[in-house]
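Reading the structure
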Amino acid sequence: ALVVLGGSAFYFSPPLPGGGAGGVPAGDVDGTPITLATWMKTHREGDRELVQGLKGEPFYLITKGDTIKDFAIGAVCTHLGCVVPWNKAVNRYCCPCHGSQYDEDGKVVRGPAPLSLSLAHVATTDGNILVSPWPETDFRTGLKPWWS
């Protein structure tokens, strides 16, 4: 809906499926928006790769079958802010700075990190991959999200 208030036009978009309100295109290393078709050409079941997500922050998209999971995992360690790489050999995200570890869904399993990695909703609209905020309860812990 287009609304004009005080001489300024505002556009309100409906929420995306999955609970997020609006969304931003997931971007590659250069910030170029990623389409699902392009992603699937180079990714197989279980593959994870960093993309630019909300506010340009790094998030992991995860391939599931012939599509992607409906959530992305933030790549910033909750201890001191290092980018946490995925270690396929141990099926965990392992922080190279101080040894924190997170399971395949980003739940903290070994400190010193105090919290799980952040989450974002992922949706595909017109073939484009969109990332949006995750304000709901963290499905991994049952707690309110610390990142919202």
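Nothing here was measured: the structure is a model prediction, and the numbers come from that model.

1. What to know about the overall build of the protein
Scanning the protein from N- to C-terminus turns up 1 helix and 13 strands. With 148 residues in all, the protein has 36% of them scored as buried. At a minimum sequence separation of 6, the contacts of the protein that also span at least 24 residues come to 44%. For the protein, the accessible area works out to roughly 8,400 Å², and carbon and sulfur atoms hold 57% of it.

2. Structural notes on the packing of aromatic side chains
As enumerated under the stated definition, the model contains 5 aromatic pairs in all. An aromatic cluster is defined as three or more aromatic residues linked by ring pairs; in this entry it consists of Tyr 60, Trp 86 and Tyr 93. We note Arg 48 situated over the ring of Trp 86; from NZ or CZ to the ring centre the distance is 4.0 Å.

3. Comments concerning the nonpolar core
One finds Ile 73, Val 84, Tyr 93 and Tyr 102 to be the most contacted residues of the largest nonpolar core, which totals 16 residues. Those elements giving two or more residues to this core turn out to be strand E5 (58-64) and strand E7 (71-74). The residues contacting Ile 73, other than those within four sequence positions of it, are Arg 48, Pro 58, Phe 59, Tyr 60, Ile 62, Tyr 93, Glu 104, Asp 105, Gly 106, Leu 117, Ser 118 and Leu 119. Listed in part, the 14 residues of the second largest apolar core include Leu 36, Trp 39, Val 51 and Phe 59.

4. A few points about the layout of surface pockets
When its volume is computed, the largest pocket comes out at roughly 340 Å³. Lining the largest pocket are 17 residues, and of these Leu 54, Glu 57, Phe 59, Ser 118 and Trp 147 lie nearest its centre. Looking at the lining of the largest pocket residue by residue, the classes come out as 11 nonpolar, 4 polar and 2 charged. Glu 45, Gly 46, Asp 47, Arg 48, Ile 62, Thr 63, Lys 64, Lys 69, Trp 86, Lys 88, Asn 91 and Glu 104 together form the lining of the second largest pocket. For the lining of the second largest pocket, the leading source of residues is E5, giving 3 residues. Split into classes, the residues belonging to the lining of the second largest pocket amount to 2 nonpolar, 3 polar and 7 charged.

5. Quick word on the pattern of salt bridges
This model, assessed by the stated rule, comprises 2 salt bridges. As a salt-bridge pair, Asp 105 and Lys 69 come within 3.8 Å of each other at their nearest N and O atoms. Residue Asp 105 is located in the loop between strand E10 (101-102) and strand E11 (108-110), and its partner Lys 69 is located in the loop between strand E6 (67-68) and E7; the two are separated by 36 residues in the primary sequence. We note a salt bridge from Asp 138 to Arg 140, for which the minimum N-O separation is 2.8 Å.

6. A word on the state of the cysteines
Counted by the stated rule, this structure contains 1 disulfide. One disulfide in the model links Cys 82 with Cys 97; its S-S distance is 2.0 Å. Sign of the S-S torsion, about -115° for the bond between Cys 82 and Cys 97, identifies this disulfide as left-handed. Of the two residues, Cys 82 is situated in the loop between E7 and strand E8 (86-87) and Cys 97 in the loop between strand E9 (92-94) and E10; the sequence distance between them amounts to 15 residues. The thiol sulfur of Cys 94 is not disulfide-bonded, and the nearest other cysteine sulfur, from Cys 95, lies at 9.0 Å.

Rules of the game
- Residues numbered from 1 in each chain as written.
- Predicted model: local features only at pLDDT ≥ 70, side-chain atom pairs only at ≥ 80, totals over all residues.
- Heavy atoms only, no water.
- Helix = DSSP H or I, 4+ residues; strand = E, 2+ residues; numbered from the N terminus.
- Buried < 20%, exposed > 50% of the residue type's maximum accessible area, 1.4 Å probe, protein only.
- Contact = heavy atoms within 4.5 Å.
- Areas by Shrake-Rupley, 256 points an atom, 1.4 Å probe, with all protein chains shown as cover.
- Phe/Tyr/Trp six-rings, centres within 6.5 Å; stacked < 30°, edge-to-face > 60°.
- Lys NZ or Arg CZ within 6 Å of the ring centre and 35° of its normal.
- Core = buried A, V, L, I, M, F, W, Y, C linked by side-chain atoms within 4.5 Å.
- 1 Å grid on protein atoms, 1.4 Å probe; cavity = no way out; pocket = protein on both sides within 12 Å on 5 of 7 lines; lining within 4 Å.
- Points joined across faces, edges and corners; volume = space filled by probe spheres on them.
- Nonpolar A, V, L, I, M, F, W, Y, C, P; charged D, E, K, R; others polar.
- Salt bridge = Lys/Arg side-chain N within 4 Å of Asp/Glu carboxyl O.
- Disulfide = S-S within 2.5 Å.

Read these as spatial facts, not as claims about activity.
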